[in-house]
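# Coordinates in review
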Amino acid sequence: MSDEEIIVETRDLVKIYPGEIKAVQGINLQIKRGEIYGFLGPNGAGKSTTIKMLSTSIKPTSGSATIMGYDIVRDSMKVRRVIGVVPQDLTTDEDLKGIENIEMVARFYDIPSKEARSRAKELLSLVDLSDFGEKYVSSYSGGMRKRLELVVGLVHNPQVLFLDEPTLGLDVQTRAKMWDYIRKIREELGVTIILTSHYLEEVDELADRISIIDHGKIIVTGTSDELKSNLKGDIIQVEFSSEADANKFADYEDKIEVSYPKPQEVRMKVRDADSQLPDIMKYIVNNGIKPLKLSVHRPSLDQVFLEYTGREIREEEGGDVRKMAMNMRRLRR
Ligand SMILES: Nc1ncnc2c1ncn2[C@@H]1O[C@H](COP(=O)(O)OP(=O)(O)O)[C@@H](O)[C@H]1O
Ligand SMILES: [Mg+2]
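None of these values were measured; they are calculated from a predicted model. (Residues numbered from 1 in each chain as written. Chains lettered and ligands numbered in written order. Predicted model: local features only at pLDDT ≥ 70, side-chain atom pairs only at ≥ 80, totals over all residues. Heavy atoms only, no water.)

### Points about the sheet that holds strand E9 (residues 209–214)
Within a sheet, neighbouring strands are paired by backbone hydrogen bonds and run either parallel or antiparallel to one another. The six strands are arranged E6-E7-E8-E3-E9-E10 in an open sheet whose pairing can be described as mixed. Edge positions in the open sheet fall to strand E6 (83–86) and strand E10 (217–222), since each of these has one partner strand only. Adjacent strand axes in the sheet meet at a mean angle of 15 degrees when their direction is disregarded. Pairing of strand E3 (residues 36–40) with strand E8 (residues 192–197), which is carried by five bridges, proceeds in the parallel orientation. Looking at E8, one finds that Phe 39 is bridged to Thr 196. Sitting on the sheet, helix H11 (residues 301–309) touches E3, E9 and E10, and the angle it makes with E9 is about 40 degrees. (Pairing = 2+ DSSP bridges. Helix = DSSP H or I, 4+ residues; strand = E, 2+ residues; numbered from the N terminus. Axes fitted to C-alpha atoms, helices over the stretch in contact; angles between N-to-C directions. Contact = heavy atoms within 4.5 Å.)

See the structure below:
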């Protein structure tokens, strides 16, 4: 990391909210100029709190951080000049036109109105909203509004842009389009981007480096490939109706490791799930074991998350069911 410029650095950054809520528990990181850096973690992990401290909207309880050498507490005004922030919640005013929203923020930064207007036009064009600048934000679709949010924070030419859950609530296609705009912002404006997300595909797709954060701590940091290559093999996870069945299944021989997320559930690491699934199914049948649910996890960020935190980042979206159906089809062939 020596010959690259560190643009953001934190040292033991801590935030404890009233009521002893330990939202951030000692974060150390270094972000390089030009990077897209992703914080990945489930709801409540402390992502927004970290962003809020770095962007000077709240003060850390202890520890420190600098952005371009400016201390986030002592030099907070200087920090604000060099950063842009797109918070998790929408900030644009529905009762204003698109362009007026940008101009309003420009006034806040004392940018002369003529300059503000031309800058606003450039920014609208960057996210393909040129034809909508004169339209009221209330008439925008969810995706258009998010695109506007993305550039409002860029009006004063910041060096670092914070994006807190930039695609939260958007459908998959709109999300993918947002990723293109985020990349375009980095490429065309040369800004360093720090984003948070609880969508694995999002950080996988966008971030040069990722920190997995859980319970206010960084669990691991690396490129997506680095994180994945730390894991060898696939994970086969099977849920049974009884603990006895689970124990019988765990005796399957050709495995690397085994663990029990729940007493009736077995998580087994195997070298290659594809080639071993037929044998595993045979083993299940021969031993009279009755599985309720079977899923295969590839070395994806899902698995990285599972491996490091012992749980899935989002169990609610039915990923396992899809994977199971896929594998069952493969078995039937
Ligand atoms: N203003 C606040 N006051 C008290 N607790 C808070 C406040 N903001 C967040 N928290 C708590 O701090 C923890 C981290 O929250 P947050 O940083 O918003 O996580 P994330 O953005 O990863 O979902 C959670 O337990 C949350 O309930
Ligand atoms: Mg958040």
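### Quick look at the nonpolar core
In terms of nonpolar packing, the biggest core is built from 47 residues, with Ile 102 and Ile 193 touching the most fellow members. Excluding its chain neighbours within four sequence positions, the residues that come into contact with Ile 193 are Glu 35, Ile 36, Tyr 37, Leu 161, Leu 163, Ile 182, Ile 185 and Arg 186. Residues Tyr 37, Ala 45, Ile 67 and Ile 83 belong to the second largest nonpolar core, which totals 23 residues. (Core = buried A, V, L, I, M, F, W, Y, C linked by side-chain atoms within 4.5 Å. Buried < 20%, exposed > 50% of the residue type's maximum accessible area, 1.4 Å probe, protein only.)

### Looking at the domain arrangement of the chain
Each domain of the chain was delimited in the assignment, giving domain 1 (6–228) and domain 2 (231–332). The C-alpha-based centres of domain 1 and domain 2 are spaced at 37 Å. For the pair domain 1 and domain 2, the summed buried area comes to about 1300 Å², and 70% of that belongs to carbon and sulfur atoms. At the junction of domain 1 with domain 2, the criterion picks out zero salt bridges. Where domain 1 meets domain 2, there are zero residue pairs in polar contact (both at pLDDT 80 or more). Mapped onto the side of domain 1 that touches domain 2, the elements with two or more residues apiece are helix H7 (200–206), E9, E10 and helix H8 (224–229). (Domains from an automatic or database assignment. Buried area = accessible area lost by both parts, 1.4 Å probe. Salt bridge = Lys/Arg side-chain N within 4 Å of Asp/Glu carboxyl O. Polar contact = N/O pair within 3.5 Å; in protein donor to acceptor, adjacent residues only side chain to side chain.)

### Describing the sheet that holds strand E2 (residues 21–32)
Strand order in the open sheet formed by four strands is E2-E1-E4-E5, with antiparallel pairing between adjacent strands. Of all strands in the sheet, those with a lone pairing partner are E2 and strand E5 (70–71), marking the two edges. Taken together, the nine bridges between strand E1 (residues 6–17) and E2 define a ladder with antiparallel strand orientation. Its bridge partner lying in E2, Glu 9 is registered against Gln 30. The strands touched by helix H1 (residues 47–54) within the sheet are E1, E2 and strand E4 (62–67), with E1 carrying the most contacts at an inclination of about 120 degrees.

### Considering the site of ligand 1
Lining the immediate environment of ligand 1, one finds Tyr 17, Ile 21, Ala 23, Pro 42, Asn 43, Gly 44, Ala 45, Gly 46, Lys 47, Ser 48 and Thr 49. Lys 47 has a polar backbone atom sitting 2.8 Å from an oxygen atom of ligand 1. Ser 48 is positioned with one of its backbone polar atoms (N or O) 2.8 Å from an oxygen atom of ligand 1. The set of elements that each furnish at least two residues to the shell around ligand 1 consists of E2 and H1. (Near = heavy atom within 4 Å.)

### Things to note about the coordination of the magnesium ion (ligand 2)
For the magnesium ion (ligand 2), every protein donor is listed as Ser 48 (OG) and Gln 88 (OE1), and the spread of their distances is 2.1 to 2.2 Å. In this pair, Ser 48 sits in helix H1 while Gln 88 sits in the loop between E6 and helix H3 (98–108), placing the two residues 40 residues apart along the sequence. The exposure class assigned to Ser 48 is buried, which follows from its relative accessible area of 17%. Note on Gln 88: relative accessible area 27%, which makes it partly exposed. (Donors = N, O, S within 2.8 Å, 3.2 Å for Na, K, Ca; no water.)

### Side note on the side chain of Thr 56
The residue Thr 56 is located in the loop between H1 and E4 in this model. When near neighbours in sequence (up to four residues on either side) are disregarded, Thr 56 contacts Ile 72, Ser 76, Val 79 and Arg 80.

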